[in-house]
Amino acid sequence: MLSDPGPRRGGIGAALVGRGEDVELIRSFLARAAADGGALLLVGEPGVGKSVLVDAAVEAASAAGTLVLCAGGAEFEADVSFSGLNQVLFPLLEEEFDRLTDGHRVALSVALGYGEGPPPDRLVVSNATLGLLRAISVDRPVLLVVDDVHWMDRASAGVLAFVARRLAGSRVGFLAASRTGMESFFEGAGLPEHELQPLDGDAAMTLLEARFPALGVKVRRRVLAEARGNPLALLELPAALTGPQRAALRALPAVLPLSRRLQTLFLSRISELPEASRQLLLLAALDTTVDLRVLQAAVTERGGSDPLAAAERAQLLQVDESTGRLTFRHSLTRSAVVELSTTDQRRRAHLALAEMVDQPERRAWHLGEATIEPDERVAGLLEEAAHRIGGRGDPAGAIAALTRAAHLSPLRSERSRRLAVAAFVGVETGEMGTASQLLRDARRADPAHGGGSLYAAATAAYLLSNGDNDIEAAHRLLVGAIENRTESDDDALVEALWTLSLMCWFGGGAEKWDPYHAALAELGTRVPPLLALLTATFPDPVRTAAPALDQLTTTISSLRDEIDPTRIVRTCNAAVFMDRLAGCRDPLWRVVRHAREGGPLAPAVSALIYLCVDDFITGRWDEIGQLADEGLEMGDAHGYHHFEWPFHYHQALVAAVRGDQETSRIQIDEALRWATPRGARGIELYIHHAQGLAALARNDFEDAYRHAVAISPAGVFASHVPVALWVMMDLVEAAVRTDRRAEAAAHVAAMHDADIAALSPRLALLVAGATAIAADDDDAAVSFERGLAVPGSDRWPFEVARVRLAFGEHLRRARAPGAARVQLAAALETFDRLGARPWAARAGHELRAAGLSTAQPSDVGDLTPQEREIAVLAAAGLSNKEIGQQLFLSHRTVGAHLYRVFPKLGITSRAALRDALAAQAVPRRRERLSR
């Protein structure tokens, strides 16, 4: 029974004195978890009894037939990737892994260091872990127990947080303990949490009297005063105040935190142990994964005898019989062991552990800690380990390994290169502050070359574009490094070219791409397939994309099982202008979810951008505001600024097509605020797209034409300006409506000359629509019908509705009102559904001209329940932020709802909301009364 756990750390059942409510909570949690899964996080100060409560839970769960898997965070293993997950899954390695699919089994084996293969992505490892636990729980309940989760390594913490949030309906429980206020890689936000409080005065006295019945009154009073209800202090201080440890305790300042006082007591206890026992404790403190027999053999070989017995008698550690590993009775003991050791003792311990472990990364880490002088062999092993760690979705672990490798590099050039690679990993994952510091270190390491590797140049270009510097400077720096490189490292050149493609895109213009193409030509057949694909479909797709379409289709299909977030977003980069992002949505969402669980930030920001692109053309406009909120918040939190403008751009597009000119202008200004000072001409072209669409929405066709030709002149598809594909129908419509028929015809001819319709079905729809708009009346109908017959055209509702609107206008002018009404009614229905009010108004006007009575635009549809709730709160005077706090929405989402509410109510300001809502309520009440 949980209420009577028997002898525990204090040696008596009274160890849980005063914990009645806490015990009941744990008992209830165990019952729920065994039936339907669940998670619980215990928090509290050191020594408050978290581990004792966890131990009692373990005993009770085991007695009930639950399979219990235990692990403990280790302060000195926080840099060892997946060391915590190794502890959790080690008991399952031999028998239970066969339950997994081949892919998941290999992924887990490689991640834990027991198998060979390409480094698995952390999302795959997370799903494999969750799948394994769920499979086992079909036969019997499973309880995952993690003590000191605040010290868990980043990779393991990410996997365990992923698992903890997905246990509903699984018969798997997750119980973790963490110190209050400790920074941690474990993201426990949203998990049920219980804070363990110190014992009250009566419970503290009961515990003290039960354990130390002969304690004098004065000593008892002092213990109670010093312990302040902390159970560990209540059990440890009496011996210190009455025994040989008194001097150590008296020497401490009165204001020293209790945890430090307790650690000093452990230091005193450890110092009294035989040398062999201290050696064993140090080995166990520095690596929790080594088998006890191996540790004992290593100590015995050095002349020790029975090193375990003395440590057990001192109640410092215990043996986990299920795994054969040592566990410390309290984390403060582990810290005290390491603190008591000398630098040389720790070095020799790491060296010994390097010989005991068989996982390459763990061996490299121990060698790195054991090595003092520069050693290229060890540095090389650490660099190899870094690549494997990074491939497993732990960029922070990779950076740590590369940094240590750099410090052990004998040559300045190698030290600088490895720091530059670490910096590049930082920018690739969005850790801009870390990257900036590492780049400075790389330059200091080799002043003669200024950190002149391609990795350093690529990192510097990223940082320049992310900061307040102009894009030309970043482009020039990277081009110079590529053209003047002395290293023959294809991997470095390829990564530099990926970065250069970004700088060229930002900078705009064909001339920016010339150095890129020249460097690519030097690689020849060594160009990686994905970079070759990007080169064909992204910089100048009008001229180069067609031959690569089959390869693009194959590459997108391969994303189904892709685990590398960088590869996923790079594939989407190649797909974006070919309108193939629909096939990438699931992989993109995997990248976003991975970041939410602690994975790399930068790929997730890119993934959110590509989801916005696909959402706009497929009519998921409401989702764009949510994606933009998340992307902007990610950028703000991590200083990752150079990809904030696409979120403003897409919000400007949505506001424009919905007729919210003010919001569109504000979002455009936000995007220009980043692009203009930096000379990002390529980005300004996208802003022209948003400005042109806003002009079309307000029927300002002259302004719309001006913005369209600023992107690419009429009759020409400018070289290396792919966004020209997105505005080609806008340009033709604006040209026709401003009586520039020759320019419209020239642009249509350019579309056909370039065979743009062959690039994607959506582009075929736009080409057909533009051709029809520019055609003579006798030829237009055929082109309209060709466009509307494009297979799958319903995937792009706004553009199909625009073509239908133009077709209906043509039919009405051709005196075919019946056929016109069919097209116009379908267009109006789509515009209403999307909230594209300017186009809905135009379609409604045309329908009335064609003889069909329609509601005025201001009468279109009732407010949705959420729109009405937001409108009522806004009418009461609440700000967007206050409304968001009440309804658990972001202020941007509230604003987006209000932008749709205003035109539905026929108003333009918040001040008119109250009267408009009241006016709308009157006929609704009359309707109810008449029923």
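Note that the structure is predicted; figures quoted are calculated from it, not measured.

Colleague: Can you walk me through the overall build of the chain in this structure?
Modeller: Summing up its helical and strand segments, the chain has 47 helices and seven strands in all. Of all 931 residues assigned to the chain, the portion counted as buried reaches 59%. Pairs at least 24 residues apart make up 68% of the contacts formed inside the chain by residues separated by at least 6 positions. When the accessible surface of the chain is totalled, it reaches about 37400 Å², and 51% of it is carbon and sulfur.

Colleague: How should the sheet that holds strand β2 (residues 67-72) be read in this particular structure?
Modeller: As a general point, the strands of a sheet are linked pairwise by backbone hydrogen bonds and lie either parallel or antiparallel. If you trace the five strands from one edge of the open sheet to the other, you get β2-β3-β4-β1-β5, paired in parallel fashion. Taken across any chain shown, the strands that pair with only one partner, and hence form the sheet edges, are β2 and β5 (193-195). Ignoring strand direction, the axes of neighbouring strands in this sheet form an average angle of 15 degrees. In this sheet, strand β4 (residues 172-179) lies alongside strand β1 (residues 38-44) in parallel orientation, the contact comprising seven bridges. Bridge pairing in β4 places A39 opposite F174.

Colleague: Would you take a moment to explain the pattern of salt bridges for this structure?
Modeller: For side chains bearing opposite charge, pairing can occur when the charged atoms are close. For the structure on display, the rule yields 47 salt bridges. Ionic pairing is found between R737 and E809, a salt bridge with its closest N-O pair at 3.0 Å. Of this pair, R737 sits in helix α37 (residues 728-737) while E809 sits in helix α41 (residues 797-813); the two residues are 72 residues apart in sequence, bridging distant segments of the chain. The exposure class of R737 is partly exposed, given its relative accessible area of 38%.

Colleague: Help me understand the environment of A401 in this model?
Modeller: Mapping A401 onto the fold places it in helix α19 (residues 395-407). You can call A401 buried: its relative accessible area is 9%. Counting along the chain gives 17 residues from A401 to R418, while the straight-line C-alpha distance between them is 9.7 Å. When neighbours within four sequence positions are excluded, A401 is seen to be in contact with L382, A386 and I389.

Colleague: What am I meant to see in helix α30 (residues 585-596) here?
Modeller: Each α-helix turn comprises 3.6 residues. Residues three or four places apart therefore point the same way. The first and last C-alpha atoms of α30 sit 17 Å apart over twelve residues, in line with the 16 Å expected at 1.5 Å per residue. Counting buried positions along α30 yields nine of twelve residues, so the element is predominantly enclosed. Burial in α30 covers these residues: R585, P587, L588, W589, R590, V591, V592, H594 and A595. Among the structural elements, α5 (122-137), α29 (565-575), α31 (601-618) and α32 (621-638) are those in contact with the buried residues of α30. Just downstream of α30, G598 is the residue with a positive phi angle, here 105 degrees.

Colleague: Which parts of the structure should I look at to understand the environment of L731?
Modeller: With respect to the element layout, L731 can be found in helix α37. A residue is classified by how much of its surface remains accessible, and L731, at 1% relative accessible area, is buried. Considered as a pair, L731 and A708 are 23 residues apart in the sequence and their alpha carbons are 5.3 Å apart. What L731 contacts, discounting residues up to four positions off in sequence, is Y705, A708, V709, S712, A714 and H747.

Colleague: What is the right way to read the packing of helix α16 (residues 343-356) against helix α17 (residues 360-370) from this model?
Modeller: Each packed pair of helices is defined by two parameters, the angle between the axes and the distance between the axes. The interhelical angle for the contact between α16 and α17, taken along N-to-C directions, is 155 degrees, at an axis separation of 8 Å. Taken together, the axes of α16 and α17 lie roughly antiparallel to each other. When the axes of α16 and α17 are compared, the crossing they make is left-handed. Between α16 and α17, the contacting residues are R347, H350, L351, L353, A354 and E355 on the first element and R363, W365, H366, L367, E369 and A370 on the second.

Colleague: I keep staring at empty space enclosed by the protein and nothing clicks. Help me out?
Modeller: Empty space among the atoms becomes visible once a probe the size of a water molecule is rolled across them. Inspection of every chain in the model, using the stated rule, returns eight cavities of 30 Å³ or more. Lining the largest cavity are 29 residues, and of these L502, N573, S606, Y610 and F643 lie nearest its centre. Secondary-structure elements contributing two or more residues to the lining of the largest cavity are α20 (412-428), α24 (490-507), α29, α31 and α33 (645-657). Sorting elements by how many residues they give to the lining of the largest cavity places α31 first, with six residues. When its residues are assigned to classes, the lining of the largest cavity shows 21 nonpolar, six polar and two charged.

Colleague: Whenever I open this one, the nonpolar core confuses me. Can you help?
Modeller: In globular proteins that are soluble, nonpolar side chains generally tend to be buried together. Counting 196 residues, the largest nonpolar core has L497, W645 and F831 as its most contacted members. Leave out the neighbours within four places in its chain, and F831 touches F798, A801, R802, L805, A836, W839, A840 and A843. Core analysis: the next-biggest nonpolar cluster, separate from the first, contains 42 residues, L89, F97, L132 and A164 among them.

Colleague: How should I be thinking about the packing of aromatic side chains in this particular structure?
Modeller: In this description, a pair of aromatic rings is defined by centroid distance and the angle of the planes. On inspection of all chains with the given rule, the structure shows 23 aromatic pairs. Measuring from centroid to centroid gives 5.7 Å for W505 and F538, while their planes differ by 65 degrees, and the two rings are edge-to-face. One end of the pair, W505, is in helix α24; the other, F538, is in the loop between α26 (529-537) and α27 (541-544), and 33 residues separate them in sequence. Note on F538: relative accessible area 4%, which makes it buried.

About the cut-offs
- Residues numbered from 1 in each chain as written.
- Predicted model: local features only at pLDDT ≥ 70, side-chain atom pairs only at ≥ 80, totals over all residues.
- Heavy atoms only, no water.
- Helix = DSSP H or I, 4+ residues; strand = E, 2+ residues; numbered from the N terminus.
- Buried < 20%, exposed > 50% of the residue type's maximum accessible area, 1.4 Å probe, protein only.
- Contact = heavy atoms within 4.5 Å.
- Areas by Shrake-Rupley, 256 points an atom, 1.4 Å probe, with all protein chains shown as cover.
- Pairing = 2+ DSSP bridges.
- Axes fitted to C-alpha atoms, helices over the stretch in contact; angles between N-to-C directions.
- Salt bridge = Lys/Arg side-chain N within 4 Å of Asp/Glu carboxyl O.
- Expected span 1.5 Å × (residues − 1).
- Parallel < 35°, antiparallel > 145°, perpendicular 65-115°, else oblique.
- Left-handed = near helix turned anticlockwise from the far one by under 90°.
- 1 Å grid on protein atoms, 1.4 Å probe; cavity = no way out; pocket = protein on both sides within 12 Å on 5 of 7 lines; lining within 4 Å.
- Points joined across faces, edges and corners; volume = space filled by probe spheres on them.
- Nonpolar A, V, L, I, M, F, W, Y, C, P; charged D, E, K, R; others polar.
- Core = buried A, V, L, I, M, F, W, Y, C linked by side-chain atoms within 4.5 Å.
- Phe/Tyr/Trp six-rings, centres within 6.5 Å; stacked < 30°, edge-to-face > 60°.

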